[in-house]
Amino acid sequence: MREQKRKSGFIFKTYEAPYQSPFEKLFEIFKELITYTSGDFDEAIDWLRQLDVEYKLTTPDYTIDDFIEDLKKKGYIREEIDNDGNGGSGMAITAKTERAIRQQALDHIFGKIKRSGSGNHKSKGVGLGDEHTGDFRAYQFGDALDKVSVTESLRNAQINHGIANFSLTEDDLVIEETLHKSQMSTVLMIDISHSMILYGEDRITPAKKVAMALAELITTRYPKDTLEILVFGNDAWPIKIKDLPYLKVGPYHTNTVAGLQLAMDMLRRKRNTNKQIFMITDGKPSCLRMPDGQYYKNSVGLDPYIVNKCYAMAQQARRLHIPITTFMIAEDPYLMKFIREFTQANRGKAFYTGLKGLGEMIFEDYENNRKRRIKG
């Protein structure tokens, strides 16, 4: 009599992290450090050497110098050329590293999100699209043949005509409904006023990481969408996605009005129906640029003149059907009251948050907004 094999149960064992080469381990840390140092390679390596002393990151077989050589060989860093065309002025990261930093930010903040080939956004309306709803209807003249559900149509033909006299007629054809997919145009505003590094708290680095993660999400998963990024201090100006790792806080006040004006100008040029503004800020509006080019500044409390200009911009965006979502890092009651009134003027949304969870909230709001059809 042959003995039957027993079915094995669960086996519990100590978790073992996936193998990483010495280069991969150091590269993960290096990408974090280069973000904190705003792209300063020498400073990042100095920090890495200090961490190595404290945590024994390297071995005699693979040192920090070996790591730097591998960075060169793999194309992650390059030698900078000075104004005279000579080398030797230091090392700088390359576009390959910038992409790796954005991908790491996406993984850390939003999790391991799978890429989607189509990269469009659902709306609630059924119509022309390529995302199946699971609902079927009878074929109508003019329907595209590629929308015909072959399986359901053959099933109808078998039921209607039988196998012996099998035939497929127009009455047997079934169309599977698809969701209309809309595009989204987003402008992300980042406050780079001096308060973003005040009080011993680095607020600009998390904001940069969120921007890099959002940029990577849109360019890889939703390539039909657009994302433009601007920064605002005394004035506002656009930056490119590749500039994000190098972004620094300046000795600026907060000209929220200039940021909103530029954001709306950017969105006016977009043909997409769905448009939105995300604003990351930790401080109150404290600056305006007057028609004569002079700056009107007031850092004490909330200046009524500046605040009313902000409300006017919020209302203008509402008339253009551009919702503004504010991610407020500060928690001062009087600032929260201002943001509530600003949000009411725009009929947008506001999140009052610390730095923890900022990325998750922005991702969730982006995903929710892209499902909504904003009528122009």
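Above this text you will find the structure in question.
These numbers were taken from a predicted model, which means no experiment stands behind them.

J.: Can you help me understand the pairing of strand β6 (residues 226-232) in this one?
T.: Two faces, one strand: in a regular strand the side chains alternate between the faces of the sheet. Extensive coverage of β6 is indicated by the burial of five of its seven residues. Bridge count for strand β5 (residues 184-191) against β6 is seven bridges, and the pairing is parallel. From the neighbouring strand, Ser185 faces β6, where its bridge partner is Thr226. For the crossover from β5 across helix α6 (residues 204-221) to β6, the handedness is right-handed. For β6 and strand β7 (residues 236-239), the ladder comprises four bridges, and the chain directions are antiparallel. Bridging across to β7, Phe232 finds its partner in Ala236.

J.: Looking at this model, I keep getting lost on helix α7 (residues 256-268). Mind explaining?
T.: In this model, α7 (13 residues) spans 18 Å end to end at C-alpha, consistent with the 18 Å of a helix rising 1.5 Å per residue. Taking burial as the measure, the 13 residues of α7 include ten buried ones, the bulk of the element. Every buried residue belonging to α7 is among Thr256, Val257, Ala258, Gly259, Leu260, Leu262, Ala263, Met264, Met266 and Leu267, and all of these are buried.

J.: Is there a simple way to explain the environment of Leu154 in this structure?
T.: Along the chain, Leu154 turns up in helix α5 (residues 150-161). Distance in space between the C-alpha atoms of Leu154 and Thr169 is 9.8 Å, their sequence separation being 15 residues.

J.: Looking at this model, I keep getting lost on the nonpolar core. Mind explaining?
T.: As a rule of thumb, soluble globular proteins bury nonpolar side chains together. Counting residues in each nonpolar core, the largest one holds 54 residues, and the members touching the most others are Phe30, Phe67, Leu71, Leu188, Ile190 and Leu214. Ranked by residues supplied to this core, first place goes to α6 with ten residues. Leaving out residues up to four positions away in the same chain, Leu188 has contacts with Ala211, Leu214, Leu227, Glu228, Ile229, Leu230, Phe278 and Ile280. Listed in part, the 30 residues of the second largest apolar core include Val187, Leu230, Leu260 and Ile306.

Calculation notes
Residues numbered from 1 in each chain as written. Predicted model: local features only at pLDDT ≥ 70, side-chain atom pairs only at ≥ 80, totals over all residues. Heavy atoms only, no water. Buried < 20%, exposed > 50% of the residue type's maximum accessible area, 1.4 Å probe, protein only. Helix = DSSP H or I, 4+ residues; strand = E, 2+ residues; numbered from the N terminus. Pairing = 2+ DSSP bridges. Right-handed = clockwise from strand over helix to strand, strands pointing away. Expected span 1.5 Å × (residues − 1). Core = buried A, V, L, I, M, F, W, Y, C linked by side-chain atoms within 4.5 Å. Contact = heavy atoms within 4.5 Å.

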